[in-house]
Amino acid sequence: MLITFEGIDGAGKSTQITKLVRHITNQGVDVLSLREPGGTAAAEKIRTILLDNSHNISPIGELLLFSASRAELVQNVIMPALAEGKTVILDRFFDSTTAYQGYGRGIDLGLLQSIISLSTCGITPDITFYLDIEPEEALKRKFAKSSIPLEFEGEELDRMERSGIEFYRNVQKGYQEIIRMSPERIVSINALESIPLIHHKITEILMDHFPC
Ligand SMILES: Nc1ncnc2c1ncn2[C@@H]1O[C@H](COP(=O)(O)OP(=O)(O)OP(=O)(O)O)[C@@H](O)[C@H]1O
Ligand SMILES: [Mg+2]
């Protein structure tokens, strides 16, 4: 089974994945937890290039780098794990490409679809949890500051995070559109709820969808 988590930076994906991995592992299920971009030696190198804020990368270059990282992860890790019957939990997958490179950077959505099909070998998650939060809230949370400048440029931000608040608003709109198009796969959860409550909702939804 393939479970993916989506949402803008700081929405709480890693927090919930850590809790879910512990929960599923305690039930005796063989879980593999991975993040995008990255997950293989080559893909981690691509991640470093993508997040390095000294690089000025074009939107198409960014798309192809993310997609190259994904192709490595899918073919070398995800497909073999799924074939062995493992549960794979993925921190971001192709919905991030549609939201960030499509709605955020403005790349044609039809073109994106072709590249997504190529890089994923057609794999689709069984279920996707989207953690829904306003960009301002997510960034405040991420950097644990009371106020984040709307056009943040701090050295501590990676290349993607320096894209600006308007970019993140477009990404959020993109996610909303993606959910509208795939309501049977994507579950949207209010990310402002407490960490334990969100975890509880996620485990309940998984039990409802995939009773063992
Ligand atoms: N429901 C929540 N309520 C309050 N704070 C939260 C909640 N979930 C996560 N946080 C906190 O928000 C911060 C960002 O969370 P986390 O790193 O899980 O987000 P993320 O979606 O993985 O971000 P990124 O995309 O940048 O990796 C962390 O400090 C985390 O403890
Ligand atoms: Mg994270």
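Residues numbered from 1 in each chain as written. Chains lettered and ligands numbered in written order. Predicted model: local features only at pLDDT ≥ 70, side-chain atom pairs only at ≥ 80, totals over all residues. Heavy atoms only, no water.

## Considerations on the pattern of salt bridges
Logical step 1: Enumeration according to the criterion identifies 11 salt bridges in this entry.
Logical step 2: The partner of Glu36 in a salt bridge is Arg70, with the nearest N and O atoms 2.7 Å apart. A residue pair is termed long-range when its members are at least 10 positions apart, and Glu36 in the loop between β2 (31–35) and α2 (41–51) and Arg70 in helix α3 (residues 59–83) qualify at 34 residues.
Logical step 3: Lys201 serves as the salt-bridge partner of Glu193, at 3.1 Å between the closest nitrogen and oxygen.
Logical step 4: Residue classification places Glu193 among the partly exposed positions, given a relative accessible area of 27%.
Logical step 5: Take Lys201: its relative accessible area is 31%, and that puts it in the partly exposed class. (Salt bridge = Lys/Arg side-chain N within 4 Å of Asp/Glu carboxyl O. Helix = DSSP H or I, 4+ residues; strand = E, 2+ residues; numbered from the N terminus. Buried < 20%, exposed > 50% of the residue type's maximum accessible area, 1.4 Å probe, protein only.)

## Notes on the pairing of strand β1 (residues 2–6)
Logical step 1: Burial analysis of β1 places 5 of its 5 residues in the buried class, which makes it a mostly covered element.
Logical step 2: The alternating pattern of β1 places Leu2, Thr4 and Glu6 on one face and Ile3 and Phe5 on the opposite face, and all of these are buried.
Logical step 3: Two elements, β1 and strand β3 (residues 87–91), share 4 bridges in a ladder whose sense is parallel. Residue pairing across strands places Leu2 opposite Val88, the latter belonging to β3. (Pairing = 2+ DSSP bridges.)

## Digging into the site of ligand 1
Logical step 1: Lining the immediate environment of ligand 1, one finds 16 residues, of which Lys13, Ser14, Thr15, Arg141 and Lys142 sit closest.
Logical step 2: At a separation of 3.2 Å, an oxygen atom of ligand 1 approaches a polar backbone atom of Ala11.
Logical step 3: Within the side chain of Lys13, a nitrogen or oxygen atom sits 2.7 Å from an oxygen atom of ligand 1.
Logical step 4: Those elements that provide at least two residues to the shell around ligand 1 are α1 (13–26), α6 (135–143) and α8 (195–209).
Logical step 5: Tallying contributions element by element places α1 first for the shell around ligand 1, with 3 residues.
Logical step 6: Taken together, the residues that form the shell around ligand 1 break down as 5 nonpolar, 5 polar and 6 charged. (Near = heavy atom within 4 Å. Polar contact = N/O pair within 3.5 Å; in protein donor to acceptor, adjacent residues only side chain to side chain. Nonpolar A, V, L, I, M, F, W, Y, C, P; charged D, E, K, R; others polar.)

## Comments concerning α6
Logical step 1: Pro135, Ala138, Leu139 and Phe143 are the residues of α6 that are buried. Angularly, the buried residues of α6 cover 110° about the axis, an arc narrow enough to put them on a single face.
Logical step 2: Packed against the buried residues of α6 are α7 (165–181). (Arc of directions from axis to C-beta. Contact = heavy atoms within 4.5 Å.)

## Remarks on the packing of α6 against α7
When two helices pack together, their arrangement is given by the angle between the helix axes and the distance between those axes.
Logical step 1: Between α6 and α7, the least distance of the axes is 9 Å, while the angle of their chain directions is 115°. Every residue of α7 that contacts α6 at Pro135, Glu136 and Leu139 is listed here: Ile165, Tyr168, Arg169 and Gln172. (Axes fitted to C-alpha atoms, helices over the stretch in contact; angles between N-to-C directions.)

## With respect to the packing of aromatic side chains
Logical step 1: Inspection of every chain in the model, using the stated rule, returns 7 aromatic pairs.
Logical step 2: Summarising the aromatic geometry, the rings of Tyr100 and Tyr168 are spaced 6.2 Å apart at their centres and angled 90° between planes, so their arrangement reads as edge-to-face. Taken together, the positions of Tyr100 in helix α4 (residues 94–104) and Tyr168 in helix α7 put the pair 68 residues apart, joining distant regions of the chain. Each member of the pair, Tyr100 as well as Tyr168, is classed as buried.
Logical step 3: Taking 6.4 Å as the distance between ring centres and 85° as the angle between the ring planes, the aromatic pair formed by Tyr100 and Tyr175 counts as edge-to-face. In this pair, Tyr100 is assigned in helix α4 and Tyr175 in helix α7, connecting sequence segments 75 residues apart.
Logical step 4: Counting every residue linked through ring pairs, the aromatic cluster contains Tyr100, Tyr130, Phe167, Tyr168 and Tyr175. (Phe/Tyr/Trp six-rings, centres within 6.5 Å; stacked < 30°, edge-to-face > 60°.)

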